[in-house]
Amino acid sequence: MKVFKFGGASLRDVENIKNVAAILKKFSSDNLFIVVSAMGKTTNALELIVSSYFERDGKAQGVLNDIRQKHEAIMADLFDPSDDVYAQVNDTFVEIEWILEDEPHDTYDYVYDQIVSVGELLSSKIVAAYLNKVGLGTTWLDARDVLKTDETWREAVVNWDATKENAQTVVKPLFTEAAKFVVTQGFIGSTKDNNTTTLGREGSDYSASIFSHCLDAEGMYIWKDVPGVLSGDPRVFKDVVKLDKIRYDEAVEMTYYGATVVHPRTIQPLMAKNIPLNVRSFLDHDAAGTVISSEAPPQYPPIFMAERNQIFLKISNKDFTFLVEPHIRDLFEIFTSYHIFINLLQNSGAYFFISMTHVPDRQKELMRDLREKFDIEEHLNCDLFTIRHPTPEAQALLKEGKRVFFEKMIPDTYQVLVG
Ligand code: ADP
Ligand code: ASP
Ligand code: MG
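To keep things clear, this report deals only with the structure shown in the data block. Here the structure is a predicted model, which is why all the values come from computation and not from measurement.

### Some points on the overall build of the protein
Thinking step 1. Broken down by element type, the protein carries 13 helices and 16 strands.
Thinking step 2. The C-alpha atoms of the protein give a radius of gyration of 23 Å, which matches the 22 Å a tight globule of 419 residues would have.
Thinking step 3. Dimensions of the protein, computed from the C-alpha atoms along their principal axes, are close to 75 × 60 × 40 Å.
Thinking step 4. In the protein, which comprises 419 residues, the share counted as buried stands at 53%.
Thinking step 5. Of all intrachain contacts in the protein linking residues separated by at least 6 positions in sequence, the fraction that spans at least 24 positions is 74%.
Thinking step 6. As displayed, the protein offers around 19400 Å² of accessible surface, 50% of which is attributable to carbon and sulfur atoms.

Okay, structure coming up:
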């Protein structure tokens, strides 16, 4: 069995959904476990509904109507008015409407998961129905019957034992001669009390990886709008090249330093079972893409990563004495208390140099706490660039015409913060 994952871009309109069916047709003799994201930008719109509901600004219903219209317009092109899928999709919308009718009395994060998870439920119902309509026998599966988590709303932690057991007892029997495909949702799971949880934004890649692990898939395939893993995000860097193969550890490093092509948690469950991850283009189905596995290529080219919207902090003691262990402890305690991750850190005798991503909801409080204890020089709107397997030319390219705040070299990895 293979596990496939299709993201929002590959399902954003009728033409793209038909394209997904065309890809799947080529694999019709295989057992496929297919994980789908919400269509297009549906998840962003659902997040708006949640914030409007809590702010009571009266906009939630309008945004919901908009999402409904978009899905119905797609369905009108794919289905006949009498098809069952209309009732299934309608039931899913009714669930949000019920929530919105009441005043909010549960926590924001709990309600978020109950509402935002609907994007994947809608897309999976539409995709499963369409595959059946075009003669590709498909079973729709509620991922919440398999993927079990704790109750950390919006960042749920997987209960591996329960999920593994469900993969065997619930999923395996679904594959039959008449229905070789199973379609389910990425991003969502459920608690032991069957409340819906989500795994964090962009989490559908991770879902597919969890299912691949628990089902002992022979391979996982994610279909993207790029030819594979490139030597940099093509939206940020010019002249990038496709990497034909990379080893798991390289992919882990790339996601750590900010390559958004796969969710950072995706690699580990696959690596644990030596399951190859194939990154393929949904625009060019037959092209080879990138294989991420235990095999390394003979050589890596320089690989570029970017973290935008960085803040550079130059931190010193108020009396300009050496920064030693107790100060360092205080500094880290402040960052930890706001759950803020430091992207790059360097110290000298009297200074700590830090690069962090701007966090709109906590930045002011963080700076207030830091300034109580330290002197701080602050620069906004910086970019943190990382190069794996750097060359002097690649390093020079990133610094060209920019103000360099600080740079750092460790084996195989160069980082520079520029403004
Ligand atoms: P999905 O719809 O499957 O969730 P994403 O939009 O999350 O897909 O991921 C694909 C995008 O990742 C590409 O459009 C590209 O801009 C970006 N990206 C970032 N780094 C890389 C990289 N190194 N190689 C390829 N794509 C990258
Ligand atoms: N739909 C979710 C999101 O947009 C999960 C995903 O697409 O991976 O974050
Ligand atoms: Mg994504």
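That covers the picture; the talk isn't over yet.
### Thoughts on the nonpolar core
Thinking step 1. Core analysis: the biggest nonpolar cluster contains 96 residues, and Phe6, Leu24, Phe33 and Ile34 have the highest contact counts within it.
Thinking step 2. Among the elements that make up this core, the one with the highest residue count is helix α6 (residues 118-133) (nine residues).
Thinking step 3. Once residues lying within four places of it in the same chain are set aside, the contact partners of Leu24 are Phe4, Phe6, Leu32, Ile34, Leu131, Leu136 and Phe181.
Thinking step 4. If you look at the next biggest cluster of nonpolar residues, it comprises 19 residues, including Ile311, Met356, Met367 and Phe374.

### Regarding the environment of Arg388
Thinking step 1. On the secondary structure map, Arg388 appears in strand β14 (residues 374-388).
Thinking step 2. Among the polar contacts made by the side chain of Arg388, one reaches the side chain of Thr413 at a distance of 2.9 Å.

### A closer look at the sheet that holds strand β9 (residues 277-281)
Thinking step 1. The eight strands are arranged β3-β4-β2-β1-β7-β9-β10-β8 in an open sheet whose pairing can be described as mixed. The sheet terminates laterally at β3 (138-140) and β8 (245-247), the two strands that pair on one side only. Averaged over all neighbouring strand pairs, the angle between strand axes comes to 20°, with direction disregarded.
Thinking step 2. On the sheet, helix α8 (residues 204-215) packs against β1 (2-6), β2 (32-36), β4 (181-185) and β7 (219-224) and is oriented at approximately 155° with respect to β2.

### Focus on the site of ligand 1
Thinking step 1. The immediate surroundings of ligand 1 are formed by 17 residues, with Lys5, Asp225, Leu230, Asp233 and Arg235 found nearest.
Thinking step 2. With respect to ligand 1, the backbone of Leu230 contributes an N or O atom lying 2.9 Å from a nitrogen atom.
Thinking step 3. Within the side chain of Arg235, a nitrogen or oxygen atom sits 2.8 Å from an oxygen atom of ligand 1.
Thinking step 4. Relative to its unbound accessible area of 570 Å², ligand 1 is 88% covered by the protein chains.
Thinking step 5. In the shell around ligand 1, the residues fall into six nonpolar, five polar and six charged.

### Here we look at the pairing of β4
Thinking step 1. Most of β4 is tucked away, with five of its five residues classed as buried.
Thinking step 2. Burial along β4 is two-sided: the residues Phe181, Val183 and Gln185 and Val182 and Thr184 are all buried.
Thinking step 3. As paired strands, β2 and β4 are joined by five bridges and run parallel to one another. Looking at β4, one finds that Val36 is bridged to Gln185.
Thinking step 4. As paired elements, β3 and β4 share three bridges and run parallel to each other. Paired with Thr139 across the bridge in β4 is Val182.
Thinking step 5. For the crossover that starts at β3, traverses helix α7 (residues 160-171) and ends in the parallel β4, the hand is right-handed.

### A closer look at helix α1 (residues 14-25)
Thinking step 1. Given a rise of 1.5 Å per residue, 12 residues ought to cover 16 Å, and the 17 Å separating the end C-alpha atoms of α1 matches this to within 8%.
Thinking step 2. Buried residues of α1: Val14, Asn16, Ile17, Asn19, Val20, Ala21, Ile23 and Leu24, and no others.
Thinking step 3. Of the surrounding secondary structure, the elements contacted by the buried residues of α1 are β1, β2, α3 (60-78), α6, β4 and β7.

### A short note on the sheet that holds strand β11 (residues 303-317)
Thinking step 1. An order of β12-β13-β11-β14-β16-β15 is seen for the six strands of this open sheet, with the pairing classed as antiparallel. Strands with a single pairing partner mark the edges of an open sheet, and in this sheet they are β12 (342-347) and β15 (404-410). Strand-to-strand, the axes of this sheet are offset by a mean angle of 25°, without reference to chain direction.
Thinking step 2. The strands that helix α12 (residues 363-373) touches are β11, β13 (352-357) and β14; relative to β14, the one it contacts most, it runs at about 120°.
Thinking step 3. Taken strand by strand, helix α13 (residues 392-399) contacts β11, β14, β15 and β16 (413-418), and its axis lies near 15° from that of β16.

### So, the pattern of salt bridges
Thinking step 1. Under the defined criterion, the tally for this structure stands at 28 salt bridges.
Thinking step 2. The partner of Lys70 in a salt bridge is Asp66, and the shortest N-O contact between them spans 3.7 Å. Taken together, the positions of Lys70 and Asp66, both in helix α3 and four residues apart, correspond to about one turn of that helix.
Thinking step 3. The class of Asp66 is partly exposed, set by a relative accessible area of 38%.

### Examining the site of ligand 2
Thinking step 1. Ligand 2 sits among Ser37, Ala38, Thr43, Glu120, Phe187, Arg201, Glu202, Gly203 and Ser204.
Thinking step 2. Between ligand 2 and Thr43, the relevant distance is 2.7 Å, taken from a nitrogen atom to a side-chain nitrogen or oxygen of the residue.
Thinking step 3. In the environment of ligand 2, an oxygen atom lies 3.3 Å from a nitrogen or oxygen atom belonging to the backbone of Gly203.
Thinking step 4. Calculation on ligand 2 without its partners gives an accessible area of 260 Å², and the protein chains cover 91% of this total.
Thinking step 5. Looking at the shell around ligand 2, its residues break down into two nonpolar, four polar and three charged.

### Considerations on the pairing of β16
Thinking step 1. Judged by how many residues are buried, β16 sits mostly within the fold: six of six residues are covered.
Thinking step 2. On β16, burial covers both faces: Thr413, Gln415 and Leu417 on one face and Tyr414, Val416 and Val418 on the other are all buried.
Thinking step 3. Bridge count between β14 and β16: six bridges; the pairing is antiparallel. Within the sheet, the bridge partner assigned to Thr386 lies in β16 and is Gln415.
Thinking step 4. In the sheet, β15 pairs with β16 via six bridges, with the strands oriented antiparallel. Bridge pairing links Lys408 to Gln415 in β16.
Thinking step 5. Counted along the chain from β15 to the antiparallel partner β16, the turn is two residues long, and its residue Asp412 has a positive phi close to 70°.

Calculation criteria
Residues numbered from 1 in each chain as written. Chains lettered and ligands numbered in written order. Predicted model: local features only at pLDDT ≥ 70, side-chain atom pairs only at ≥ 80, totals over all residues. Heavy atoms only, no water. Helix = DSSP H or I, 4+ residues; strand = E, 2+ residues; numbered from the N terminus. Rg over C-alpha atoms; globule rule 2.2 N^0.38 Å. Buried < 20%, exposed > 50% of the residue type's maximum accessible area, 1.4 Å probe, protein only. Contact = heavy atoms within 4.5 Å. Areas by Shrake-Rupley, 256 points an atom, 1.4 Å probe, with all protein chains shown as cover. Core = buried A, V, L, I, M, F, W, Y, C linked by side-chain atoms within 4.5 Å. Polar contact = N/O pair within 3.5 Å; in protein donor to acceptor, adjacent residues only side chain to side chain. Pairing = 2+ DSSP bridges. Axes fitted to C-alpha atoms, helices over the stretch in contact; angles between N-to-C directions. Near = heavy atom within 4 Å. Nonpolar A, V, L, I, M, F, W, Y, C, P; charged D, E, K, R; others polar. Right-handed = clockwise from strand over helix to strand, strands pointing away. Expected span 1.5 Å × (residues − 1). Salt bridge = Lys/Arg side-chain N within 4 Å of Asp/Glu carboxyl O.

These values are about where atoms sit, not about what they do.
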